[in-house]
Amino acid sequence: MSPLKSLTTKRAREVVEVVRSKGYRMSMPEEHEDCAESYLECCGSVLRVVFFDPRYSGGVVAKVTPQLGDCDEALYSPQGLYVLSESPEEAAAQLLRKAQFVARTASTERPSEA
């Protein structure tokens, strides 16, 4: 992958601000070489949100996942859902909707502690 574009980090910060304005806790994105990474508290879970460079637009490409790892692991992991959007506001709405689903499914996939 190529080094992260500054526009991706800027868009990621804008998404975080919109999510925070809706009352959720979300960390400011930490920039890595190939992605920007943030964490979102949602539905009793802490989920990882990974922002990637969009190839064909100036929009937002992100993945919400319960899995930890590097940028490539997040990109290719079957766990999680993608957010594809042209605006930070739309991305935040999609992110929250998908995070709720991921949090519910991740909690049902955990083995019981009996």
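Residues numbered from 1 in each chain as written. Predicted model: local features only at pLDDT ≥ 70, side-chain atom pairs only at ≥ 80, totals over all residues. Heavy atoms only, no water.

Chemist: Help me out: how do you make sense of the confidence of the model for the protein in this one?
Modeler: Detailed reading of predicted coordinates is not advised where the pLDDT is low. Per-residue confidence for the protein gives a mean pLDDT of 87; residues scoring 70 or more make up 89%. Taken element by element, the protein is modelled with least confidence in helix α2 (residues 71-76), mean pLDDT 88, and with most confidence in strand β1 (residues 25-26), mean pLDDT 96. (pLDDT = per-residue confidence, 0-100. Helix = DSSP H or I, 4+ residues; strand = E, 2+ residues; numbered from the N terminus.)

Chemist: How do you make sense of the pattern of salt bridges when you look at a structure like this?
Modeler: Per the counting criterion, the structure on display carries 4 salt bridges. Lys 10 is paired through a salt bridge with Glu 14; the nearest N and O atoms lie 2.9 Å apart. Placement of both Lys 10 and Glu 14 in helix α1 (residues 6-21) is noted, with a separation of 4 residues, approximately one turn of the helix. Judged by its relative accessible area of 26%, Glu 14 falls in the partly exposed class. Between Arg 25 and Glu 41 there is a salt bridge, and its shortest N-O distance comes to 3.7 Å. Separated by 16 residues along the polypeptide, Arg 25 in strand β1 and Glu 41 in strand β3 (residues 36-42) bring together distant segments of the chain. (Salt bridge = Lys/Arg side-chain N within 4 Å of Asp/Glu carboxyl O. Buried < 20%, exposed > 50% of the residue type's maximum accessible area, 1.4 Å probe, protein only.)

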